[in-house]
Amino acid sequence: MDTLKSFMQPLMGGSSMVDGMKLVVLGGTVETARRVSSSAWSHFVNSFFLTAHFCEEEQPYDWLVLWLSRRPEWQRSREFEATLRAFSTASTASSTKSPADLEWEEAEREWESYNSSATTHHDGTPREPPLHIPGADDDVPLPEKPKSRIIFQPTYDTTHTIFFRGHWLRVKRQRKLDTGSEAISISVIARSNAILKQLVLQAKKEYEAECIHRIQIYFADAHGSWRWTDSRAKRPLGSIVLNPGVKEMLVEDTKDFLRSEKWYMDRGIPFRRGYLLYGVPGSGKSSLIHALAGYLQLDIYVVSLSASWISDSTLTSLMGRVPARCVVLLEDLDAAFTRSTSREDEEEALLNSLNSTSTSNNKSNSSRRRNGHRSSGRNSGGDYLSDVNTLSLSGLLNALDGVAAAEGRLLFATTNHLEKLDPALSRPGRMDVWIEFKNASRWQAEALFRNFFPCDEGDEEEENAAKESQEVIERREREVDEAMKSIKVEMASSAPSPADSRRGSRNSSSASTKDSFGSSNTAYPRPPPDADVREKLARHSAAPLDRKTLAELAKTFADGVPEEEFSVASLQGYLLKHKSNPHLAASTIHDWVSSERTLRATMAKEKAAREEKAKAAKEKRLAELKEKKKEKEEKEGKEKEVEELKRKLKEKEEEEEVERMREKLREKEKEAEAGKKTEEGATTKEEAKEGEKKKEVDEEDEDKENWSDARDALS
Ligand SMILES: Nc1ncnc2c1ncn2[C@@H]1O[C@H](COP(=O)(O)OP(=O)(O)OP(=O)(O)O)[C@@H](O)[C@H]1O
């Protein structure tokens, strides 16, 4: 030991070095102890904590976000960000409000009471007086603008503790590094994961309770996932007007299907059902699906097959990811593949043949078309030609009923062009129920009218009230007319109108020259409003009609609507214009029909002219393309002729060369013959024999040489 010390002493060079070494050793020991203890602690913690992860892409995430947003602890984080609630479920529909919601509403009320007393904005500008429109029903308050619900949630990677059913939960929001999507992890100290299951079920229940009056709409995204897009109030099935029995049949069929899972399983039939709704636009296909989904309490998953990003694989993964009970909606099924007409094919073929540099591309394009792929987009020349989505018919069929397709879903497909669908797509098994939608029948017209105008079922008292309200309407209409007349007078004399004076009396601070919408023109007098605008200024809702009047008006209206000529949507548009005046709606339907017919005839003429023009332009383009093709073919023909001549010339030259070689060979042979004869005379027989042999060998050598010369020359 002493020897070692004496050996080390000079190396250490004194006590300061020793102290330094001691410090390093001490520091190392502390750090190692820290690391070991922290990993032991996390190991210890992990062995007691159960953790559940919820990814943004999955539905339980939405349940959890709603549940957390209702926990005051979650909203009172010291580091938070404010966001609009991602799930816009109607708060009005919800019967229960969370403490967090109540807290937020209280804060809003406080803010409003502070601000309502002020007559100026924060920037000092005066507040505008309330708007008054002559004849408008100011007594009826406008519905409040729906409030967006702001939620405060903790920033990423901060851990929060929330108490739930006797357990402390550690909750953390995280962002995944690879996908950038959000996730929530919840840890709890427990022996089994029962508490986490309870939590998820609780969150689900609350979410469903909030959504009971609404349906959720999900749209497919480019990554093959479903994104929540909208939440809509349920549409009552009664508001959909179809010919008798159609709705009932559909409702019964869907209900029966949803009840028959076991029946399907017992028979080994895939538990799926498809409905094809086809027919004229504006006949209620989409509306019926929404109403039905609401009735059956199912969410809607919408795929647009004409999206540019859609491909076989994305569609397959989307179809595999729909929940067990839902409505999958494929809108405008015919738009998935646009088949080109023969003329378009011809044009494309011509273009392909002209574009010789991209031969291979063209081949692949046309083969894609044959396989039913859709293409649209721009070519280099700026024309719309080929931006390809890679969805094929077989891919679509596979996604609909392949092994990966989810079971239990109701598939609805809509199309306006049944004739464009491939028979494979609409065969039973894929589309089990077909429903045709036509233009409105008289029966539908009457039902639509009845749906539009409220009926007072009631007694005499109520009938009197209805009459009174009718009188009120008429009085108000008269007022509007008078107000309009006075506006005209004002225009002529520049005197303030009664409407203006009323406004002035309400708020003397408002500028007298300004009209209701703030325009203060002085150079040009105000033009009189159109009859259409006057009509709109009238009161907007009709008083309830008694049963008899409603029946009469509905009949008059339906009688005036020609059978299956106008879509329900267009009739709805007409009724909307007269929604305050059912009498007018019924009495002027004939005028509307004739004006619509005239309008349609004009539009048809214009369309025909446009099509004619487009056709002529197309013909011209086609002729130009043909001309170019002809020129190209001629040029190619000439080039071919030149090539042929060159080839022939080369052949000729080669033949001549061979002939020259043959000539040379013959000359050589003659010379050899002559030499042979001279030698014969000069030698004995034996010598002659030997000489002959030698000659033969020489000749052979010479021949070989000549032949090789000739071959070289030929090659
Ligand atoms: N049969 C109907 N009953 C009630 N309302 C209808 C009906 N048909 C159409 N409408 C009304 O017309 C509008 C358009 O209807 P909808 O979008 O459902 O028609 P569609 O057949 O799906 O049209 P498209 O084929 O153009 O998508 C909606 O506002 C809807 O309320």
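Scroll up for the structure.
All of these numbers come straight from a predicted model, not from anything done at the bench.

**Overview of the nonpolar core**
Link 1 in the chain: Core analysis: the biggest nonpolar cluster contains 55 residues, and Ile186, Val303, Leu305, Leu315, Leu330 and Leu333 have the highest contact counts within it.
Link 2 in the chain: Once residues lying within four places of it in the same chain are set aside, the contact partners of Leu315 are Val303, Leu305, Ile310, Leu391, Leu396 and Ala399.
Link 3 in the chain: One finds Phe271, Leu277, Leu296 and Leu298 within the second-largest nonpolar core, a separate group that totals 29 residues.

**Remarks on the packing of aromatic side chains**
How two aromatic rings sit relative to each other is given by the distance of their centres and the angle of their planes.
Link 1 in the chain: Taken as a whole and judged by the stated rule, the model has 16 aromatic pairs.
Link 2 in the chain: Here Trp67 and Phe164 contribute two aromatic rings whose centre-to-centre distance is 5.4 Å and whose plane-to-plane angle is 90°, an arrangement assigned as edge-to-face. Linking Trp67 in helix α3 (residues 59–69) with Phe164 in strand β4 (residues 159–164), this pair joins segments that are 97 residues apart in sequence.
Link 3 in the chain: With 5.0 Å between their ring centres and 50° between their planes, Phe566 and Trp592 make a pair best called tilted. Taken as a pair, Phe566 in the loop between α19 (547–560) and α20 (568–577) and Trp592 in helix α22 (residues 589–682) lie far apart in primary sequence, 26 residues in all.
Link 4 in the chain: Among the aromatic residues, those joined into a cluster by ring pairs are Phe449, Phe452, Phe453, Phe557, Phe566, Tyr574 and Trp592.
Link 5 in the chain: Over the ring of Phe49 we find Arg170; its NZ or CZ atom is 5.0 Å from the centre of that ring.

**Quick look at unusual backbone geometry**
Link 1 in the chain: A positive phi is found at Arg165, a non-glycine position, where the angle reads about 45°.
Link 2 in the chain: Mapped onto the secondary structure, Arg165 falls in the loop between β4 and β5 (167–175).
Link 3 in the chain: If you check the backbone angles, Gln297 has positive phi at about 60° while not being a glycine.
Link 4 in the chain: Looking at the secondary structure, you find Gln297 in the loop between α9 (285–295) and β10 (300–304).
Link 5 in the chain: Looking at Gln297, the relative accessible area reads 48%, which means it is partly exposed.

**Things to note about helix α7 (residues 246–259)**
Link 1 in the chain: In a regular helix each residue adds 1.5 Å, so 14 residues correspond to 20 Å; α7 covers 20 Å between its end C-alpha atoms and thus fits that length.
Link 2 in the chain: Those residues of α7 not exposed but buried are Lys247, Leu250, Val251, Asp253, Thr254, Phe257 and Leu258. The buried side chains of α7 occupy one side of the element, clustering within an arc of 165° when seen end-on.
Link 3 in the chain: The inward-facing, buried residues of α7 abut α8 (261–266), β9 (273–279), α9, β14 (410–415) and β15 (433–437).

**A look at the site of the ligand**
Link 1 in the chain: Taken together, the neighbourhood of the ligand is formed by 16 residues, with Val241, Gly282, Lys285, Ser286 and Ser287 sitting nearest.
Link 2 in the chain: If the ligand stood free it would expose 620 Å²; the protein chains cover 78% of that surface.
Link 3 in the chain: When contributions to the shell around the ligand are tallied by element, the ones reaching two or more residues are α9 and α20.
Link 4 in the chain: Within the shell around the ligand, the residues separate by chemical class into six nonpolar, eight polar and two charged.

**Some words on the sheet that holds β4**
Remark on secondary structure: sheet strands pair via backbone hydrogen bonds, oriented parallel or antiparallel.
Link 1 in the chain: In spatial order, the strands read β1-β6-β5-β4; together these four strands make up an open sheet with antiparallel pairing. Each edge of the open sheet is held by one strand with a lone partner, namely β1 (49–55) and β4. Neighbour-to-neighbour, the strand axes of this sheet turn through a mean angle of 25°, independent of strand direction.
Link 2 in the chain: Pairing analysis gives seven bridges linking β1 to strand β6 (residues 182–189), with the strands arranged antiparallel. Within the sheet, the bridge partner assigned to His53 lies in β6 and is Ser185.
Link 3 in the chain: In this fold α3 packs onto β1, β4, β5 and β6, with an angle of close to 70° to the strand it touches most, β6.

**Considerations on the sheet that holds strand β7 (residues 214–220)**
Link 1 in the chain: Taken together, the seven strands give an open sheet; going across it, the order is β8-β7-β10-β11-β14-β9-β15, and neighbouring strands pair in mixed fashion. Both edges of this open sheet fall to β8 (226–233) and β15, since each of them pairs with a single strand only. On average, each strand axis in the sheet is inclined to that of its neighbour by 25°, with strand direction left out of account.
Link 2 in the chain: With six bridges connecting them, β9 and β14 associate as parallel partners.

**Concerning a nonpolar patch on the surface**
Link 1 in the chain: Taken together, the side chains of Trp41, Phe44, Phe48 and Ile189 make up a nonpolar region of the molecular surface, amounting to roughly 460 Å² of accessible area.
Link 2 in the chain: Looking at the nonpolar patch element by element, the count peaks at three residues for helix α2 (residues 15–48).
Link 3 in the chain: Residue position: Trp41 is located in helix α2.

**Side note on the pairing of β14**
Link 1 in the chain: Among the six residues that make up β14, six are buried, leaving the element largely enclosed by the rest of the structure.
Link 2 in the chain: Both faces of β14 are covered, namely the face carrying Leu410, Phe412 and Thr414 and the face carrying Leu411, Ala413 and Thr415.
Link 3 in the chain: In this structure, strand β11 (residues 327–331) lies alongside β14, joined through four bridges in parallel fashion. From the neighbouring strand, Val327 faces β14, where its bridge partner is Leu410.

**As for the side chain of Thr415**
Link 1 in the chain: With respect to the helices and strands, the residue Thr415 is situated in strand β14.
Link 2 in the chain: A polar contact is formed between the side chain of Thr415 and the side chain of Asp334, at a distance of 2.4 Å.
Link 3 in the chain: Aside from chain neighbours lying at most four places away, what touches Thr415 is Leu276, Leu277, Tyr278, Gly279, Lys285, Leu333, Asp334 and Leu421.

**With respect to the pairing of β4**
Link 1 in the chain: Residues His160, Ile162 and Phe164 point to one face of β4 and are all buried, whereas Thr159, Thr161 and Phe163, pointing to the other face, are not buried.
Link 2 in the chain: Looking at chain direction, β4 and β5 are connected through six bridges and run antiparallel. Residue pairing across strands places Phe163 opposite Trp168, the latter belonging to β5.
Link 3 in the chain: Where β4 folds back on β5, the antiparallel hairpin that results is connected by two residues, among which Arg165 adopts a positive phi of roughly 45°.

**Observations concerning the pattern of salt bridges**
Link 1 in the chain: Counted under the stated rule, the structure contains 22 salt bridges.
Link 2 in the chain: When the shortest N-O distance is used, the salt bridge between Arg273 and Asp253 registers 2.7 Å. Taken as a pair, Arg273 in strand β9 and Asp253 in helix α7 lie far apart in primary sequence, 20 residues in all. When sorted by exposure, Arg273 lands in the same class as Asp253, which is buried.
Link 3 in the chain: Two residues, Arg325 and Glu261, come together in a salt bridge whose shortest N-O distance is 3.3 Å.

**Things to note about the packing of α3 against helix α6 (residues 194–211)**
Link 1 in the chain: Where α3 contacts α6, the two axes come as close as 8 Å, and the packing angle between them is 85°. Compared by their axis directions, α3 and α6 come out roughly perpendicular. Two secondary-structure elements touch here, α3 through Asp62, Trp63, Leu64, Leu66 and Trp67 and α6 through Leu199, Val200, Gln202, Ala203, Lys204, Glu206, Tyr207 and Glu210.
Link 2 in the chain: Its residues assigned to classes, the contact of α3 with α6 shows eight nonpolar, one polar and four charged.

**Thoughts on the environment of Leu305**
Link 1 in the chain: Residue placement: Leu305 occurs in the loop between β10 and α10 (312–320).
Link 2 in the chain: Between the alpha carbons of Leu305 and Leu315 there is a distance of 8.7 Å; along the sequence they are 10 residues apart.

Cut-offs used in this document
Each residue is numbered by its place in its chain's sequence as written, counting from 1. For a predicted model such as this one, the threshold for reporting local features is a pLDDT of at least 70, and the threshold for listing and counting side-chain atom pairs is 80 or more; totals across whole chains, interfaces and linings nevertheless cover every residue. Only hydrogens and water are set aside; all other atoms, that is, all heavy atoms of the structure, feed into the side-chain values. Put simply, a nonpolar core is a bunch of buried Ala, Val, Leu, Ile, Met, Phe, Trp, Tyr and Cys residues held in one set by side-chain atoms that sit within 4.5 Å of each other. Accessibility here uses a 1.4 Å probe with only protein chains present; expressed as a share of the type maximum, an area under 20% marks a residue as buried, one over 50% as exposed, and anything in between as partly exposed. Any two residues whose heavy atoms approach within 4.5 Å are treated as being in contact. A pair of aromatic rings is counted whenever rings of Phe, Tyr or Trp (Trp by its six-membered ring) have centres within 6.5 Å, and the orientation is called stacked for planes under 30 degrees apart, edge-to-face for over 60 and tilted otherwise. The numbering of helices and of strands both runs from the N terminus, where a helix is a DSSP run of H or I of at least 4 residues and a strand a run of E of at least 2. The criterion is that NZ of a Lys, or CZ of an Arg, lies within 6 Å of the ring centre and within 35 degrees of the ring normal, and then a charge sits over that ring. How far a helix is expected to stretch is found by multiplying one less than its residue total by 1.5 Å. To obtain the arc, one takes the directions from the helix axis to the C-beta atoms. Working definition: residue near molecule or strand if any one of its non-hydrogen atoms lies within 4 Å of it. For the area figures, the Shrake-Rupley method with a 1.4 Å probe applies, and any residue is considered shielded solely by the protein chains shown. Only Asp, Glu, Lys and Arg are considered charged in this grouping, and only Ala, Val, Leu, Ile, Met, Phe, Trp, Tyr, Cys and Pro are considered nonpolar; every other residue, Gly among them, is considered polar. Any two strands are treated as partners once DSSP identifies two or more bridges connecting them. A fitted line through C-alpha atoms represents every axis, and for helices the fit uses only the stretch in contact; the resulting angles, taken between N-to-C directions, go from 0 to 180 degrees. Each patch is built from residues lacking any salt bridge and having more than 30% relative accessible area; the joining distance is 9 Å for like charges and 5 Å for nonpolar side chains (Val, Leu, Ile, Met, Phe, Trp, Tyr). Salt bridge criterion: a side-chain nitrogen from Lys or Arg within 4 Å of a carboxyl oxygen from Asp or Glu. Two N or O atoms form a polar contact when they lie within 3.5 Å of each other; inside protein one atom must be a possible hydrogen donor and the other a possible acceptor, and for residues adjacent in sequence the pair counts only when both atoms belong to side chains. With respect to orientation, any angle under 35 degrees is reported as roughly parallel, any angle over 145 as roughly antiparallel, any angle of 65 to 115 as roughly perpendicular, and every other angle as oblique.

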